[in-house]
Amino acid sequence: MAKKNQTLGEFIIENQSDFQYSSGELSRLLNSIRLAAKVVNHEVNKAGLVDITGAAGDTNIQGEDQQKLDIYANDVFIQTMTDRNIVCGIASEEEDDFITINSQDELHQNKYVVLIDPLDGSSNIDVNVSVGTIFSIFRRITPVGTPVELKDFLQTGDKQVAAGYVVYGTSTMLVYTTGKGVNGFTLNPALGSWYLSHPNMQFPEDGQIYSINEGNYFDFPEGIKKYIKYCQSEEEDRPYTSRYIGSLVSDFHRNMIKGGIYMYPKSTKNPKGKLRLLYECSPMAFLAEQANGVASDGYNRIMEIMPTELHQRVPFICGSKNMVEKAEEFMQKFK
Ligand code: AHM
Ligand code: MG
């Protein structure tokens, strides 16, 4: 039972037994993600200071440039999970291949793999706009005691045991699901604790916001063009308005709270779509479905798409049920 003001640590422990395969391993893994998120948050928050020599205390003695934040975030998440020896493999949007984690004493004893987009929307950092981290957790399918293989990572979204995101925004929040609804925790930066601020988050069934990069309009499939025009039309006093941050996590987060649809369809420039199935769409789809929303590629449920490669891209339409279903209707009609 979600209690307001509960800390994330308390919540994880209290809900551990809900989880079918509970052995404490998933709880430890979530704990390491919340720790890494705090470290990354600290760095993201002072991003604006890095150009002021020494002000952030980050210029090293040789005067070398500070590491790019997306690489930094990648290192922090990987290092935190590796040091604690709680996963058997990690795949990251920043790495070409997956990483196999060896424990020193017992070989490959852990049962979870993590897929992560360490800092999504990182081009927004220079202009002080929110960015996010997205993570997805699966049980390995190869036997414990053997090295992980590609097939441990190439699983359909409906096999996820947990997924979540961190939004580094006006406040920093960690939102996650283990398949029993979606809960959001806000970081109190003074105390370094995450507090349950948004228990049982739900997409409103209908919404008014559509989020898409309309700069690509002429390259979109006909169904998407028609859906956008449907949202804009004055017939029947359609109530829609457009909001697009260009940071998936932030656009999703806002739409989940207010009601809306996010779309990144395929286009001539991105013939398979832009977003990555495993690091972005699949975890967001799990969260959406757990919050009464829908996620699709226009025709199929994202959660059922069988990945064939780690960095696979896919068209993505996600959000309030009625809005996504309407967009799918247009996709079908103008196939
Ligand atoms: P990234 O993983 O390179 O940061 O790209 C993903 C981001 C999403 O957060 C965002 O919704 C989208 O790309 C924006 O793309 P565009 O600038 O083409 O609208
Ligand atoms: Mg990304």
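Above this text sits the structure in question.
Scope of this entry: the structure provided in the associated data block. (Residues numbered from 1 in each chain as written. Chains lettered and ligands numbered in written order. Predicted model: local features only at pLDDT ≥ 70, side-chain atom pairs only at ≥ 80, totals over all residues. Heavy atoms only, no water.)

1. Focus: the overall build of the chain
Defined as follows: Runs of E in the DSSP output that reach at least two residues are strands. Runs of H or I that reach at least four are helices, and both are numbered from the N terminus. C-alpha atoms define the radius of gyration in this analysis, and the globule rule sets the expected value at 2.2 Å times the number of residues to the power 0.38. A 1.4 Å probe rolled over the protein chains alone gives each residue an accessible area, and that area as a share of the maximum for its type sets the label: buried under 20%, exposed over 50%, partly exposed in between. Residue contacts are counted whenever heavy atoms from the two residues lie within 4.5 Å of one another. A 1.4 Å probe and the Shrake-Rupley method give the accessible areas. Residues count as covered only by the protein chains that appear here. Under the convention used here, Asp and Glu are negative, Lys and Arg are positive, and both His and the chain ends fall outside the count. Charge positions are represented by NZ for Lys, CZ for Arg, CG for Asp and CD for Glu.
Per the secondary structure count, the chain includes eight helices and 13 strands. Expected size for 335 residues packed as a compact globule is a radius of gyration near 20 Å; at 20 Å, the chain falls within 12% of this value. Counting only C-alpha atoms, the chain reaches 65 × 50 × 40 Å along its principal axes. Within the span of the chain, comprising 335 residues, buried residues form 54% of the whole. The long-range fraction of contacts in the chain, counting pairs at least 24 apart against all pairs at least 6 apart in sequence, stands at 67%. When the accessible surface of the chain is totalled, it reaches about 15200 Å², and 47% of it is carbon and sulfur. If the 32 positive side-chain charges of the chain are averaged to one point and the 43 negative ones to another, these points end up 5 Å apart.

2. Observations concerning the sheet that holds strand β13 (residues 316-320)
Put simply, the rule is: A strand pair is defined by DSSP finding two or more bridges across the two strands. Axis geometry follows a simple rule: fit a line to the C-alpha atoms, using only the stretch in contact for helices, then measure angles between N-to-C directions, giving values from 0 to 180 degrees.
Ordered in space as β10-β9-β11-β13-β12, the five strands form an open sheet in which the pairing is mixed. Because the sheet does not close on itself, it has two edges, and the strands there are β10 (241-242) and β12 (293-296). As judged from the two bridges shared by strand β9 (residues 209-211) and β10, these two strands associate in the parallel manner. Bridge pairing links Tyr210 to Ser242 in β10. Strands in contact with helix α7 (residues 277-290) are β12 and β13; relative to β13, the strand with the most contacts, it is inclined by about 20°. This element, helix α8 (residues 321-333), spans β9, β11 (260-264), β12 and β13 of the sheet and lies at about 145° to β13.

3. Considerations on the coordination of the magnesium ion (ligand 2)
Filter applied, for reference: Distances up to 2.8 Å from the metal define which N, O and S atoms are donors, and 3.2 Å serves for Na, K and Ca; water is absent from the atom set, so sites may look incomplete.
At this site the magnesium ion (ligand 2) is bound by Glu93 (OE), Asp117 (OD), Asp120 (OD) and Glu280 (OE), with donor distances of 1.9 to 2.7 Å. Sequence spacing of the donors to the magnesium ion (ligand 2): E-x23-D-x2-D-x159-E. Residue Glu93 is located in the loop between β1 (89-92) and β2 (99-100), and its partner Glu280 is located in helix α7; the two are separated by 187 residues in the primary sequence. Owing to a relative accessible area of 4%, Glu280 belongs among the buried residues under this scheme.

4. Points about the site of ligand 1
Spelled out, the test is: A cutoff of 4 Å decides nearness: a residue is near a molecule or strand if any of its heavy atoms lies inside that distance of it. Under this definition, polar contacts are N or O atom pairs within 3.5 Å; protein pairs additionally need one hydrogen-donor-capable and one acceptor-capable atom, and for neighbouring residues in sequence, both atoms have to be side-chain atoms. Under the convention adopted here, Pro, Cys and the residues Ala, Val, Leu, Ile, Met, Phe, Trp and Tyr are nonpolar, Asp, Glu, Lys and Arg are charged, and Gly plus all remaining residues are polar. The domain boundaries here were taken from an automatic or database domain assignment.
Around ligand 1, the surrounding shell holds 15 residues, and the nearest of these are Asp120, Tyr244, Leu248, Tyr262 and Tyr264. The separation between an oxygen atom of ligand 1 and a polar main-chain atom of Gly121 is 2.7 Å. Measuring from an oxygen atom of ligand 1, one finds a side-chain N or O atom of Lys274 at 2.8 Å. Here ligand 1, which alone exposes 470 Å², has 77% of that area covered by the protein. Secondary structure elements with two or more residues in the shell around ligand 1: β3 (112-120) and β11. Classifying every residue of the shell around ligand 1 by side-chain character gives five nonpolar, five polar and five charged. Residue assignment places the shell around ligand 1 across two domains, with domain 1 (8-198) and domain 2 (209-333) each supplying three or more.

5. Side note on empty space enclosed by the protein
The condition that has to hold: Both cavities and pockets are sets of points on a 1 Å grid over the protein atoms alone; in a cavity a 1.4 Å probe fits but cannot get out, in a pocket the set is open with protein on both sides within 12 Å along at least five of seven lines, and lining residues sit with an atom within 4 Å of a point. Grid points are joined across faces, edges and corners, and a volume is the space filled by probe spheres set on the points.
Inspection of every chain in the model, using the stated rule, returns one cavity of 30 Å³ or more. Taken as a whole, the largest cavity spans an internal volume of roughly 30 Å³. When residues in the lining of the largest cavity are grouped by element, the largest group, three residues, is from helix α2 (residues 25-45). The residue makeup of the lining of the largest cavity, split by class, is seven nonpolar, no polar and one charged.

6. Some thoughts on the sheet that holds strand β7 (residues 182-188)
Taken together, eight strands build an open sheet; the order of strands is β2-β1-β3-β4-β5-β6-β7-β8 and the sheet is mixed. Across the chains shown, the open sheet's two edge strands, defined by having one partner strand only, are β2 and β8 (193-198). The sheet contact formed by β3 and strand β4 (residues 131-139) spans seven bridges and is antiparallel. Pairing of Asp120 across the sheet is with Gly132, part of β4. Most of the contacts of helix α1 (residues 8-15) go to strand β6 (residues 172-177), to which it runs at about 5°, and overall it touches β6, β7 and β8. Along the sheet, α7 makes contact with β1, β3, β4, β5 (160-168), β6 and β7, crossing β5 at roughly 100°.

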